[in-house]
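This is what each chain is made of:
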Amino acid sequence: MNTKLIDFIKQLYGTNEFIPLHAPTFSGNENKYVTETINSTFVSSVGAFVTRFEKDIEEYTGTAKAVAVVNGTAALHTALYMSGVKQGDLVITQSLTFVATCNALYHMGAEPVFVDVSKTSLGLSPIALAEFLENNANLNCDGVCVYTNTKQVIRAVMPMHTFGHPVELDEILRVCNKWNLVLIEDAAESLGSFYKGVHTGTVGEFGALSFNGNKIITTGGGGMVLCKSVKAGERTKHVTTTSKVPHPYEFFHDEPGFNYRMPNLNAALGCAQMESLEKFLVSKRDLAMQYKSFFKGTDFQFVDEPAYAHSNFWLNSVICPDVSSRDELITATNQSGVMTRPIWQLMHKLPMFTDSKRGDLYYSEFIEKRLVNLPSSPIGT
Ligand SMILES: *Cc1c(COP(=O)(O)O)cnc(C)c1O
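Because the structure is predicted, anything quoted here is derived from the model rather than measured.

Sites flagged by UniProt as "active site" (unreviewed entry) map to Lys215. One can find Lys215 in the loop between strand S10 (206-210) and strand S11 (223-227). Overall, Lys215 belongs to the buried group, its relative accessible area being 10%. Residues contacting Lys215, with those up to four places away along its chain left out, are His22, Ala188, Glu189, Ser210 and Trp314.

Bringing the domain arrangement of the protein into the picture now. Domain annotation of the protein identifies domain 1 (2-26 + 277-373) and domain 2 (30-275). The distance between the C-alpha centroids of domain 1 and domain 2 comes to 25 Å. Listed as interface residues are 44 residues of domain 1 and, on the opposing side, 52 residues of domain 2. Carbon and sulfur atoms make up 67% of the surface buried where domain 1 meets domain 2, a total of about 4,000 Å² over both sides. Three residues, Leu277, Tyr308 and Lys357, lead the burial of domain 1 against domain 2; their summed loss comes to 21% of the area buried on that side. Linking domain 1 with domain 2 are one salt bridge, by the criterion used here. When the shortest N-O distance is used, the salt bridge between Lys357 and Glu111 registers 3.1 Å. The interface formed by domain 1 and domain 2 contains 22 residue pairs in polar contact (both at pLDDT 80 or more). Mapped by element, the contributors of at least two residues to the side of domain 1 that touches domain 2 are helix H9 (264-295), strand S13 (309-310), strand S16 (357-358), helix H11 (362-370) and strand S17 (371-374). At six residues, the largest contribution of residues to the side of domain 1 that touches domain 2 is made by H11. Tallied by class, residues from the side of domain 1 that touches domain 2 come to 25 nonpolar, 11 polar and eight charged.

Conventions we followed
Residues numbered from 1 in each chain as written. Predicted model: local features only at pLDDT ≥ 70, side-chain atom pairs only at ≥ 80, totals over all residues. Heavy atoms only, no water. UniProt positions renumbered as here; feature names shortened; annotations may be inferred. Helix = DSSP H or I, 4+ residues; strand = E, 2+ residues; numbered from the N terminus. Buried < 20%, exposed > 50% of the residue type's maximum accessible area, 1.4 Å probe, protein only. Contact = heavy atoms within 4.5 Å. Domains from an automatic or database assignment. Buried area = accessible area lost by both parts, 1.4 Å probe. Salt bridge = Lys/Arg side-chain N within 4 Å of Asp/Glu carboxyl O. Polar contact = N/O pair within 3.5 Å; in protein donor to acceptor, adjacent residues only side chain to side chain. Nonpolar A, V, L, I, M, F, W, Y, C, P; charged D, E, K, R; others polar.

Written out as C-alpha coordinates, the structure reads:
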(Lines give C-alpha, C1' and ligand atoms only; values in the text may rest on other atoms or scores of the structure.)
Protein backbone atom coordinates (compact mmCIF):
# COMPACT_ATOMS: atom_id res chain seq x y z
CA MET A 1 0.00 0.00 0.00
CA ASN A 2 2.55 2.61 1.11
CA THR A 3 4.92 2.42 -1.88
CA LYS A 4 1.99 2.35 -4.28
CA LEU A 5 0.43 5.37 -2.55
CA ILE A 6 3.67 7.36 -2.63
CA ASP A 7 4.12 6.66 -6.36
CA PHE A 8 0.49 7.55 -6.99
CA ILE A 9 0.74 10.92 -5.21
CA LYS A 10 4.03 11.81 -6.90
CA GLN A 11 2.44 11.02 -10.24
CA LEU A 12 -0.64 13.11 -9.42
CA TYR A 13 1.51 16.13 -8.63
CA GLY A 14 3.99 15.31 -11.39
CA THR A 15 7.02 15.84 -9.16
CA ASN A 16 9.71 14.08 -7.17
CA GLU A 17 10.19 17.10 -4.93
CA PHE A 18 8.56 17.63 -1.52
CA ILE A 19 4.76 17.60 -1.69
CA PRO A 20 3.09 19.67 1.08
CA LEU A 21 -0.29 18.94 2.64
CA HIS A 22 -1.84 22.15 1.38
CA ALA A 23 -0.09 25.09 -0.28
CA PRO A 24 -1.72 28.34 -1.40
CA THR A 25 -1.97 29.20 -5.11
CA PHE A 26 -1.61 32.79 -6.36
CA SER A 27 -2.25 32.69 -10.08
CA GLY A 28 -4.72 35.55 -10.51
CA ASN A 29 -4.92 39.21 -9.50
CA GLU A 30 -3.23 38.82 -6.10
CA ASN A 31 -0.19 40.97 -6.96
CA LYS A 32 -2.26 43.60 -8.72
CA TYR A 33 -4.78 44.09 -5.88
CA VAL A 34 -2.20 44.06 -3.07
CA THR A 35 -0.09 46.61 -4.97
CA GLU A 36 -3.20 48.76 -5.44
CA THR A 37 -3.73 48.93 -1.67
CA ILE A 38 -0.11 49.96 -1.08
CA ASN A 39 -0.30 52.64 -3.76
CA SER A 40 -3.56 53.93 -2.29
CA THR A 41 -2.05 53.99 1.28
CA PHE A 42 -5.29 52.36 2.48
CA VAL A 43 -3.59 49.25 3.83
CA SER A 44 -5.32 49.18 7.21
CA SER A 45 -8.81 48.45 8.47
CA VAL A 46 -10.72 50.81 6.19
CA GLY A 47 -10.69 50.35 2.44
CA ALA A 48 -12.56 49.36 -0.67
CA PHE A 49 -11.27 45.79 -0.71
CA VAL A 50 -12.71 45.04 2.76
CA THR A 51 -16.17 46.08 1.60
CA ARG A 52 -15.79 44.22 -1.68
CA PHE A 53 -14.53 41.03 0.00
CA GLU A 54 -17.50 41.07 2.39
CA LYS A 55 -19.89 41.55 -0.57
CA ASP A 56 -18.18 38.70 -2.49
CA ILE A 57 -18.65 36.33 0.45
CA GLU A 58 -22.27 37.46 0.93
CA GLU A 59 -23.04 36.75 -2.71
CA TYR A 60 -21.23 33.43 -2.76
CA THR A 61 -22.61 32.02 0.52
CA GLY A 62 -26.02 33.71 0.52
CA THR A 63 -25.53 34.97 4.09
CA ALA A 64 -27.41 38.11 5.12
CA LYS A 65 -24.23 39.85 6.28
CA ALA A 66 -20.55 38.94 6.26
CA VAL A 67 -18.06 40.74 8.53
CA ALA A 68 -14.34 40.43 7.75
CA VAL A 69 -12.05 39.89 10.74
CA VAL A 70 -8.37 39.16 11.47
CA ASN A 71 -8.63 35.36 11.62
CA GLY A 72 -10.98 32.44 12.04
CA THR A 73 -10.49 32.23 15.80
CA ALA A 74 -11.50 35.90 16.09
CA ALA A 75 -14.56 35.14 13.94
CA LEU A 76 -15.58 32.36 16.36
CA HIS A 77 -14.86 34.56 19.40
CA THR A 78 -17.05 37.32 17.96
CA ALA A 79 -19.83 34.84 17.05
CA LEU A 80 -19.85 33.51 20.63
CA TYR A 81 -19.95 37.04 22.06
CA MET A 82 -22.82 37.94 19.71
CA SER A 83 -24.69 34.79 20.77
CA GLY A 84 -24.71 35.96 24.38
CA VAL A 85 -22.30 33.34 25.71
CA LYS A 86 -21.33 34.37 29.24
CA GLN A 87 -18.71 33.47 31.83
CA GLY A 88 -19.44 30.00 33.23
CA ASP A 89 -21.76 28.96 30.37
CA LEU A 90 -21.41 25.64 28.59
CA VAL A 91 -21.06 25.32 24.82
CA ILE A 92 -21.49 21.92 23.19
CA THR A 93 -18.99 21.05 20.49
CA GLN A 94 -16.95 18.12 19.21
CA SER A 95 -13.73 16.76 20.69
CA LEU A 96 -12.57 15.92 17.18
CA THR A 97 -11.71 19.43 16.01
CA PHE A 98 -8.85 21.89 15.66
CA VAL A 99 -8.05 23.62 18.97
CA ALA A 100 -9.25 27.04 17.71
CA THR A 101 -12.89 25.98 18.20
CA CYS A 102 -12.28 25.47 21.92
CA ASN A 103 -9.87 28.37 22.38
CA ALA A 104 -12.57 30.76 21.19
CA LEU A 105 -15.13 29.62 23.74
CA TYR A 106 -12.51 29.33 26.50
CA HIS A 107 -11.70 33.01 26.03
CA MET A 108 -15.39 33.85 26.46
CA GLY A 109 -15.09 32.26 29.90
CA ALA A 110 -17.21 29.34 28.72
CA GLU A 111 -16.52 25.62 29.04
CA PRO A 112 -16.64 23.16 26.17
CA VAL A 113 -18.84 20.07 26.44
CA PHE A 114 -17.85 17.31 24.07
CA VAL A 115 -20.23 15.01 22.24
CA ASP A 116 -19.38 12.42 19.63
CA VAL A 117 -19.05 12.87 15.88
CA SER A 118 -20.92 11.02 13.16
CA LYS A 119 -18.91 8.47 11.23
CA THR A 120 -20.15 9.76 7.86
CA SER A 121 -19.49 13.49 8.32
CA LEU A 122 -16.68 13.35 10.94
CA GLY A 123 -18.58 16.27 12.50
CA LEU A 124 -20.98 16.64 15.44
CA SER A 125 -23.55 13.83 15.53
CA PRO A 126 -27.16 15.02 16.00
CA ILE A 127 -27.98 11.67 17.62
CA ALA A 128 -25.17 11.98 20.16
CA LEU A 129 -26.19 15.60 20.77
CA ALA A 130 -29.85 14.73 21.41
CA GLU A 131 -28.89 11.83 23.65
CA PHE A 132 -26.49 13.95 25.69
CA LEU A 133 -29.16 16.60 26.28
CA GLU A 134 -31.87 14.06 27.18
CA ASN A 135 -29.54 12.53 29.79
CA ASN A 136 -27.92 15.66 31.20
CA ALA A 137 -30.02 18.76 30.61
CA ASN A 138 -33.39 20.30 31.38
CA LEU A 139 -35.26 23.44 30.42
CA ASN A 140 -35.79 25.71 33.47
CA CYS A 141 -38.95 27.74 34.09
CA ASP A 142 -37.65 30.52 31.81
CA GLY A 143 -37.05 28.01 29.02
CA VAL A 144 -33.29 28.22 29.44
CA CYS A 145 -31.34 25.01 28.87
CA VAL A 146 -29.34 24.05 31.98
CA TYR A 147 -26.92 21.28 32.75
CA THR A 148 -28.79 19.33 35.42
CA ASN A 149 -25.82 18.51 37.69
CA THR A 150 -24.33 21.99 38.06
CA LYS A 151 -27.20 24.27 36.90
CA GLN A 152 -24.83 25.91 34.41
CA VAL A 153 -26.51 27.39 31.35
CA ILE A 154 -25.91 25.50 28.12
CA ARG A 155 -25.97 28.42 25.70
CA ALA A 156 -24.92 27.20 22.29
CA VAL A 157 -23.99 24.30 20.05
CA MET A 158 -20.96 24.71 17.82
CA PRO A 159 -20.45 21.94 15.25
CA MET A 160 -17.43 21.97 12.92
CA HIS A 161 -17.55 20.88 9.27
CA THR A 162 -14.49 18.63 9.39
CA PHE A 163 -12.17 18.92 6.37
CA GLY A 164 -15.05 20.59 4.52
CA HIS A 165 -17.64 17.82 4.95
CA PRO A 166 -20.92 19.34 6.16
CA VAL A 167 -22.55 18.02 9.34
CA GLU A 168 -26.25 17.04 9.36
CA LEU A 169 -27.49 20.60 9.84
CA ASP A 170 -31.28 20.00 9.67
CA GLU A 171 -31.14 17.44 12.46
CA ILE A 172 -28.76 19.52 14.60
CA LEU A 173 -30.91 22.63 14.14
CA ARG A 174 -33.98 20.66 15.21
CA VAL A 175 -32.26 19.66 18.47
CA CYS A 176 -31.08 23.25 19.03
CA ASN A 177 -34.61 24.58 18.58
CA LYS A 178 -36.06 22.01 20.97
CA TRP A 179 -33.56 22.99 23.68
CA ASN A 180 -33.41 26.75 22.95
CA LEU A 181 -29.73 26.61 22.02
CA VAL A 182 -28.00 28.98 19.60
CA LEU A 183 -26.42 27.22 16.62
CA ILE A 184 -22.97 28.57 15.67
CA GLU A 185 -21.16 26.83 12.81
CA ASP A 186 -17.39 26.54 12.74
CA ALA A 187 -17.18 26.65 8.95
CA ALA A 188 -13.46 27.52 8.99
CA GLU A 189 -12.67 24.58 6.72
CA SER A 190 -15.78 24.61 4.57
CA LEU A 191 -15.87 27.62 2.24
CA GLY A 192 -17.35 26.10 -0.94
CA SER A 193 -19.18 23.29 0.91
CA PHE A 194 -22.94 23.07 0.66
CA TYR A 195 -25.50 21.24 2.79
CA LYS A 196 -28.53 20.31 0.65
CA GLY A 197 -27.70 23.28 -1.60
CA VAL A 198 -27.26 25.74 1.27
CA HIS A 199 -23.78 27.08 2.04
CA THR A 200 -22.29 25.88 5.32
CA GLY A 201 -22.11 28.57 7.99
CA THR A 202 -25.44 30.14 6.97
CA VAL A 203 -27.87 27.77 8.72
CA GLY A 204 -26.87 28.73 12.26
CA GLU A 205 -27.32 32.22 13.76
CA PHE A 206 -23.62 32.73 13.07
CA GLY A 207 -20.91 30.98 11.08
CA ALA A 208 -17.15 31.48 11.02
CA LEU A 209 -14.81 31.17 8.04
CA SER A 210 -11.01 31.14 8.11
CA PHE A 211 -8.60 32.36 5.43
CA ASN A 212 -5.43 31.10 7.08
CA GLY A 213 -2.59 30.11 4.73
CA ASN A 214 -3.60 26.44 4.62
CA LYS A 215 -7.31 26.96 3.93
CA ILE A 216 -9.04 26.71 0.52
CA ILE A 217 -8.48 30.42 -0.08
CA THR A 218 -6.17 32.62 1.96
CA THR A 219 -5.78 36.27 2.93
CA GLY A 220 -2.50 35.55 4.73
CA GLY A 221 -4.47 35.52 7.95
CA GLY A 222 -8.15 36.30 8.06
CA GLY A 223 -11.65 35.23 8.90
CA MET A 224 -15.29 36.12 8.32
CA VAL A 225 -18.35 36.11 10.54
CA LEU A 226 -21.46 35.04 8.64
CA CYS A 227 -24.58 36.53 10.22
CA LYS A 228 -28.12 35.29 9.68
CA SER A 229 -29.70 38.75 9.88
CA VAL A 230 -28.61 42.16 8.64
CA LYS A 231 -29.28 43.57 12.10
CA ALA A 232 -26.98 41.04 13.80
CA GLY A 233 -24.44 41.69 11.04
CA GLU A 234 -24.44 45.43 11.70
CA ARG A 235 -23.87 44.89 15.40
CA THR A 236 -21.15 42.34 14.62
CA LYS A 237 -19.34 44.95 12.50
CA HIS A 238 -19.79 47.43 15.34
CA VAL A 239 -18.31 45.19 18.07
CA THR A 240 -15.35 44.17 15.87
CA THR A 241 -14.67 47.90 15.41
CA THR A 242 -14.18 48.65 19.16
CA SER A 243 -17.94 49.34 19.47
CA LYS A 244 -17.28 52.95 18.54
CA VAL A 245 -20.38 54.99 17.84
CA PRO A 246 -19.75 56.87 14.56
CA HIS A 247 -19.02 60.56 15.16
CA PRO A 248 -16.71 63.02 13.38
CA TYR A 249 -14.45 63.40 16.45
CA GLU A 250 -15.97 62.05 19.69
CA PHE A 251 -14.77 58.74 21.16
CA PHE A 252 -17.82 56.99 22.53
CA HIS A 253 -17.98 53.19 22.76
CA ASP A 254 -21.33 51.73 23.78
CA GLU A 255 -20.29 48.17 24.77
CA PRO A 256 -17.14 46.07 25.22
CA GLY A 257 -15.54 45.82 21.80
CA PHE A 258 -12.88 43.97 19.85
CA ASN A 259 -10.28 45.29 17.45
CA TYR A 260 -10.78 42.43 15.02
CA ARG A 261 -11.18 44.19 11.66
CA MET A 262 -9.45 42.68 8.66
CA PRO A 263 -6.86 45.03 7.11
CA ASN A 264 -7.49 46.14 3.52
CA LEU A 265 -4.13 44.62 2.54
CA ASN A 266 -5.41 41.17 3.45
CA ALA A 267 -8.84 41.77 1.93
CA ALA A 268 -7.13 42.61 -1.40
CA LEU A 269 -5.62 39.13 -1.40
CA GLY A 270 -9.04 37.71 -0.49
CA CYS A 271 -10.77 39.42 -3.45
CA ALA A 272 -8.23 37.96 -5.85
CA GLN A 273 -8.52 34.50 -4.26
CA MET A 274 -12.33 34.59 -4.53
CA GLU A 275 -11.93 34.99 -8.31
CA SER A 276 -10.13 31.60 -8.32
CA LEU A 277 -12.37 29.76 -5.83
CA GLU A 278 -14.45 27.95 -8.47
CA LYS A 279 -11.28 26.76 -10.22
CA PHE A 280 -9.84 25.48 -6.89
CA LEU A 281 -13.08 23.63 -6.13
CA VAL A 282 -13.15 21.86 -9.50
CA SER A 283 -9.51 20.84 -9.16
CA LYS A 284 -9.93 19.62 -5.58
CA ARG A 285 -12.99 17.55 -6.46
CA ASP A 286 -11.08 15.95 -9.30
CA LEU A 287 -8.17 15.16 -6.97
CA ALA A 288 -10.55 13.68 -4.37
CA MET A 289 -12.13 11.41 -6.99
CA GLN A 290 -8.67 10.15 -7.96
CA TYR A 291 -7.88 9.31 -4.33
CA LYS A 292 -11.28 7.67 -4.04
CA SER A 293 -10.65 5.32 -6.95
CA PHE A 294 -7.10 4.61 -5.72
CA PHE A 295 -8.40 3.34 -2.36
CA LYS A 296 -11.41 1.51 -3.85
CA GLY A 297 -11.35 -2.20 -2.99
CA THR A 298 -8.59 -1.79 -0.33
CA ASP A 299 -9.14 -1.89 3.43
CA PHE A 300 -8.24 1.82 3.55
CA GLN A 301 -11.43 3.86 3.44
CA PHE A 302 -11.37 7.20 1.61
CA VAL A 303 -13.50 9.85 3.36
CA ASP A 304 -16.08 10.83 0.75
CA GLU A 305 -18.66 13.61 0.96
CA PRO A 306 -21.90 12.65 2.77
CA ALA A 307 -24.84 11.86 0.42
CA TYR A 308 -26.68 15.09 1.36
CA ALA A 309 -23.66 17.32 0.78
CA HIS A 310 -21.45 18.93 -1.81
CA SER A 311 -18.05 19.20 -0.10
CA ASN A 312 -15.13 21.43 -0.97
CA PHE A 313 -12.74 18.50 -0.29
CA TRP A 314 -10.43 20.94 1.48
CA LEU A 315 -8.27 18.20 3.03
CA ASN A 316 -8.49 14.66 1.70
CA SER A 317 -8.35 11.93 4.26
CA VAL A 318 -8.31 8.18 4.54
CA ILE A 319 -9.24 5.90 7.44
CA CYS A 320 -6.64 3.15 7.95
CA PRO A 321 -7.65 -0.30 9.20
CA ASP A 322 -5.78 0.15 12.50
CA VAL A 323 -3.22 2.21 14.42
CA SER A 324 -0.15 0.35 13.15
CA SER A 325 -1.08 0.70 9.46
CA ARG A 326 -1.78 4.39 10.17
CA ASP A 327 1.65 4.87 11.73
CA GLU A 328 3.37 2.99 8.90
CA LEU A 329 1.60 5.08 6.27
CA ILE A 330 2.56 8.36 7.97
CA THR A 331 6.20 7.32 8.42
CA ALA A 332 6.66 5.98 4.87
CA THR A 333 5.06 8.96 3.12
CA ASN A 334 6.86 11.64 5.14
CA GLN A 335 10.21 9.88 4.65
CA SER A 336 9.58 10.00 0.90
CA GLY A 337 8.84 13.73 0.85
CA VAL A 338 5.07 13.25 0.67
CA MET A 339 3.55 15.16 3.57
CA THR A 340 0.77 13.41 5.49
CA ARG A 341 -0.54 14.06 8.99
CA PRO A 342 -2.61 12.28 11.62
CA ILE A 343 -5.81 14.02 12.68
CA TRP A 344 -5.68 16.37 15.71
CA GLN A 345 -5.46 14.86 19.17
CA LEU A 346 -8.90 14.92 20.76
CA MET A 347 -9.65 18.12 22.68
CA HIS A 348 -10.57 16.39 25.95
CA LYS A 349 -7.03 14.96 26.07
CA LEU A 350 -5.38 18.40 26.02
CA PRO A 351 -4.27 19.64 29.46
CA MET A 352 -6.70 22.59 29.57
CA PHE A 353 -9.75 20.46 28.75
CA THR A 354 -9.11 17.18 30.61
CA ASP A 355 -11.83 17.94 33.18
CA SER A 356 -14.42 18.80 30.54
CA LYS A 357 -17.92 17.39 30.58
CA ARG A 358 -18.58 14.92 27.79
CA GLY A 359 -20.70 12.17 26.38
CA ASP A 360 -19.53 8.88 24.94
CA LEU A 361 -16.82 9.58 22.34
CA TYR A 362 -16.57 6.22 20.59
CA TYR A 363 -16.30 7.44 16.97
CA SER A 364 -14.07 10.37 17.88
CA GLU A 365 -11.63 7.91 19.44
CA PHE A 366 -12.01 5.51 16.51
CA ILE A 367 -11.19 8.20 13.94
CA GLU A 368 -8.42 9.79 16.01
CA LYS A 369 -6.49 6.51 15.90
CA ARG A 370 -6.94 5.81 12.19
CA LEU A 371 -7.32 8.93 10.08
CA VAL A 372 -4.56 10.34 7.87
CA ASN A 373 -4.68 13.57 5.86
CA LEU A 374 -3.27 13.40 2.35
CA PRO A 375 -1.74 16.11 0.13
CA SER A 376 -4.63 18.24 -1.11
CA SER A 377 -3.30 21.35 -2.86
CA PRO A 378 -5.26 21.98 -6.06
CA ILE A 379 -3.42 20.80 -9.18
CA GLY A 380 -3.06 22.79 -12.39
CA THR A 381 -4.46 26.05 -11.04
C1 LIG B 1 -8.43 26.98 10.70
C2 LIG B 1 -9.47 26.72 11.69
C3 LIG B 1 -9.98 27.72 12.56
C4 LIG B 1 -9.54 29.14 12.60
O5 LIG B 1 -8.27 29.34 12.30
P6 LIG B 1 -7.46 30.70 12.23
O7 LIG B 1 -6.08 30.17 12.06
O8 LIG B 1 -7.68 31.43 13.50
O9 LIG B 1 -7.92 31.48 11.04
C10 LIG B 1 -11.01 27.39 13.40
N11 LIG B 1 -11.52 26.16 13.45
C12 LIG B 1 -11.08 25.18 12.63
C13 LIG B 1 -11.73 23.86 12.69
C14 LIG B 1 -10.03 25.41 11.74
O15 LIG B 1 -9.60 24.43 10.95
